[in-house]
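Architecture and fold: a report
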Amino acid sequence: TTEIYTLSLHDALPISIDGSNSGGTDQSLTLSNTAASGTTAVVWVASNGTGAGSNNITIKNCNINNGYITAGSSCIVAGAASSLATAGDDNDNLTIQNNNISKAYVGILAQAATVAGALDNLQIIGNSIGSATVASYLGLDGIMVAYANSALISKNTVFNIITTNPTPVGITLSTGVVNSTISKNNINNIVYSGTSGYGARGMYISTGNASGNLTIVNNIIAVIGGDGWNTFNNTSPIGIYIDGTTGGLNIYDNAVYMTGNLTQNLATVTTCILFNTTTITAIDVRDNVFENAMNNTANSTAKNYSIYSSAPAVNFTQINNNDYFVSGTQGVLGYLAADITSLAAWRSE
């Protein structure tokens, strides 16, 4: 076990931090930041700018935890050398694999600043991000990525982000994430636990690119909670939230299960998957299971959708072979210009 403040990899040659004692997958090395406040990380992969990133870094088989879970703390940051809070270009070929990551506001934050300096070949694979111990829960986000090309985020478990901070998220794909795959992740127990009218998100995707070529495949998203609100923006629980100008989406073979009680005395809304804007285009949605069993115990006029789209039908290149389930009088199969309550009506749109 090693206690450190921040391990900084800056203008680094290829480096591998491997916590296995056997050359296998045991996690025998613990990296901890013992600070209790400030802007901190445990591992910092730092760039001096476009063309001057830290390349070919591998962080694997470690236990990684920060000293506190409030704003400013992260476990792994890939960004600029000038500041932990600043995006940094060309930290390429970064691999984060088979680590236990806990006790921070953000688990993994990997962000470039420009299209030209996008993080090429980012690999976040097979990590456990979260904790079974309340004091070591994450405070807001599991994985956050911006400006990445050909990224693979796969086989991670992101769990127990249970917080009074508004809108916790399991995995965020932000501006400039393109040509990437998010597959076989298990995202569960992401919950806003306060009483001010918010909800969590399993995934949040807003790339600012109409031809982003993203594949979201074989993920499981379950128990995404909150007390709810009567609009989607920044508020009610949502399994997969797609926003802004985002296109080139292949959404296949995912299972999203929403369950739990809402307590706001409002006509709250929830949905397994949300296409929030008319500028979401080139959408291919096939072979998914969307089940919403949420219930508002304070207001019977609530609506819980399996699918909700502000994008018109013409924006979908395919939407086929999906299973839609809703429960009780508050369950509504889908929304496309208006509420749709039967599969036959949904198919006719």
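A few points on the structure. (Residues numbered from 1 in each chain as written. Predicted model: local features only at pLDDT ≥ 70, side-chain atom pairs only at ≥ 80, totals over all residues. Heavy atoms only, no water.)

1. Some words on the pairing of strand 23 (residues 201-205)
Both faces of the sheet carry side chains from a regular strand, because those side chains alternate between them. Condition: Each residue's exposure class comes from its accessible area (1.4 Å probe, protein chains only) as a fraction of the maximum for that residue type: buried when under 20%, exposed when over 50%, partly exposed otherwise. Working definition: helices are DSSP H or I runs of at least four residues, strands are E runs of at least two. Numbering for both runs from the N terminus. Strands are treated as partners if at least two bridges between them are detected by DSSP.
When you tally the buried positions in strand 23, you get 5 out of 5 residues, the bulk of the element. Sheet topology note: the strand 19 (residues 169-173)/strand 23 ladder contains 4 bridges and is parallel. Looking at strand 23, one finds that L173 is bridged to I205. As judged from the 4 bridges shared by strand 23 and strand 26 (residues 238-242), these two strands associate in the parallel manner. The residue bridging I205 from the neighbouring strand is I242, located in strand 26.

2. Side note on the packing of aromatic side chains
Stated formally: Any two rings among Phe, Tyr and Trp, with Trp reduced to its six-membered ring, count as a pair given centres within 6.5 Å; such a pair is stacked if its planes are under 30 degrees apart, edge-to-face if over 60, and tilted if neither. In our convention, an over-ring charge means Lys NZ or Arg CZ found within 6 Å of a ring centre and within 35 degrees of that ring's normal.
Evaluation of the coordinates by the stated rule reveals 9 aromatic pairs. When the ring of F290 is compared with that of Y324, the centres are 6.2 Å apart and the planes differ by 35°; the resulting orientation is tilted. Taken together, the residues span a long stretch of sequence, with F290 in strand 31 (residues 289-296) and Y324 in strand 34 (residues 323-326) at a distance of 34 residues. A relative accessible area of 14% means that Y324 is categorised as buried. Arranged with centres 5.9 Å apart and planes meeting at 65°, the rings of Y324 and W346 form a pair that is edge-to-face. Of this pair, Y324 sits in strand 34 while W346 sits in helix 1 (residues 343-348), and the two are 22 residues apart along the sequence. For the pair Y324 and W346, one class covers both residues: buried. Put simply, the rings of F232, Y305, Y308 and Y335 pair up and form one aromatic cluster. The aromatic ring of Y241 is capped on one face by R201, whose charged end is 4.4 Å from the ring centroid.

3. Concerning the pairing of strand 31
Of the two faces of strand 31, only one is covered, namely that formed by F290, N292, M294 and N296; the face formed by V289, E291, A293 and N295 stays uncovered. Sheet analysis places strand 28 (residues 255-262) next to strand 31, joined by 8 bridges and oriented parallel. Note on strand 31: the bridge partner recorded for G260 is M294. Relative to strand 34, strand 31 is paired through 4 bridges, and the arrangement is parallel. Along strand 34, the bridge assignment pairs V289 with D323.

4. A look at unusual backbone geometry
The phi dihedral of Y147 is positive, around 50°, even though this residue is not glycine. Assignment of secondary structure puts Y147 in the loop between strand 15 (141-146) and strand 16 (148-149). Non-glycine residue K155 carries a positive phi angle of around 60°. You can see K155 is positioned in the loop between strand 17 (152-154) and strand 18 (157-163).

5. Digging into the pattern of salt bridges
The following threshold applies: What counts as a salt bridge is simple: a side-chain nitrogen of Lys or Arg found within 4 Å of a carboxyl oxygen of Asp or Glu.
All chains considered together, the criterion is met by 3 salt bridges. A salt bridge links D18 to K60; its shortest N-O distance comes to 3.8 Å. In this pair, D18 is assigned in strand 3 (residues 15-18) and K60 in strand 6 (residues 57-60), connecting sequence segments 42 residues apart. Residue class for D18 comes out partly exposed when judged on its relative accessible area of 31%. Since its relative accessible area comes to 26%, K60 is described here as partly exposed.

6. Some words on the sheet that holds strand 24 (residues 214-217)
Strands in a sheet are paired, the pairing made by backbone hydrogen bonds, and the direction either parallel or antiparallel. Condition: Throughout, an axis means a line fitted to C-alpha atoms (over the contacting stretch in the case of helices), and angles, computed between N-to-C directions, take values from 0 to 180 degrees.
With parallel pairing, 10 strands are arranged side by side in an open sheet as 3-6-9-13-17-21-24-27-30-33. The open sheet has two edge strands, strand 3 and strand 33 (316-320), and neither has a second partner. Recorded for the sheet is a direction-independent mean angle of 10° between the axes of neighbouring strands. Note: strand 13 (residues 123-125) against strand 17, 3 bridges, orientation parallel. In the sheet register, Q123 faces strand 17, and the bridge partner there is L152.

7. Some points on the environment of N121
What counts here: Any two residues whose heavy atoms approach within 4.5 Å are treated as being in contact. Any N or O atom pair separated by 3.5 Å or less is treated as a polar contact, with the protein-specific requirement of one donor-capable and one acceptor-capable atom, and with residues adjacent in sequence counted only for side-chain atom pairs.
By secondary structure assignment, the location of N121 is in the loop between strand 12 (119-120) and strand 13. N121 gets classed as partly exposed once you look at its relative accessible area, which sits at 33%. Every residue in contact with N121, bar those within four places of it in the chain, is listed here: N93, L94, N149 and S150. In terms of polar contacts, N121 uses its side chain to reach the side chain of N93, at 3.1 Å. Within the structure, N121 has its side chain in polar contact with the side chain of Q123 (distance 2.9 Å).

8. Describing the sheet that holds strand 20 (residues 177-178)
Taken together, 3 strands build an open sheet; the order of strands is 12-16-20 and the sheet is parallel. Two strands in the sheet have a free side with no partner beyond their single neighbour: strand 12 and strand 20. Pairing of strand 16 with strand 20 involves 2 bridges; the strand directions are parallel. What sits directly across from N149, in strand 20, is V178.

9. Overview of the nonpolar core
Inclusion rule: As used in this record, nonpolar core signifies buried Ala, Val, Leu, Ile, Met, Phe, Trp, Tyr and Cys residues forming a set joined through side-chain atoms within 4.5 Å.
If you look at the biggest cluster of nonpolar residues, it comprises 68 residues, and the most contacted ones within it are I59, I143, V145, I171, L173, M203 and F275. Leaving out residues up to four positions away in the same chain, I171 has contacts with I143, I153, V158, I182, N185, I187, G202, M203 and Y204. By size, the runner-up hydrophobic cluster in this structure holds 10 residues, among which are V169, Y204, I238 and Y241.

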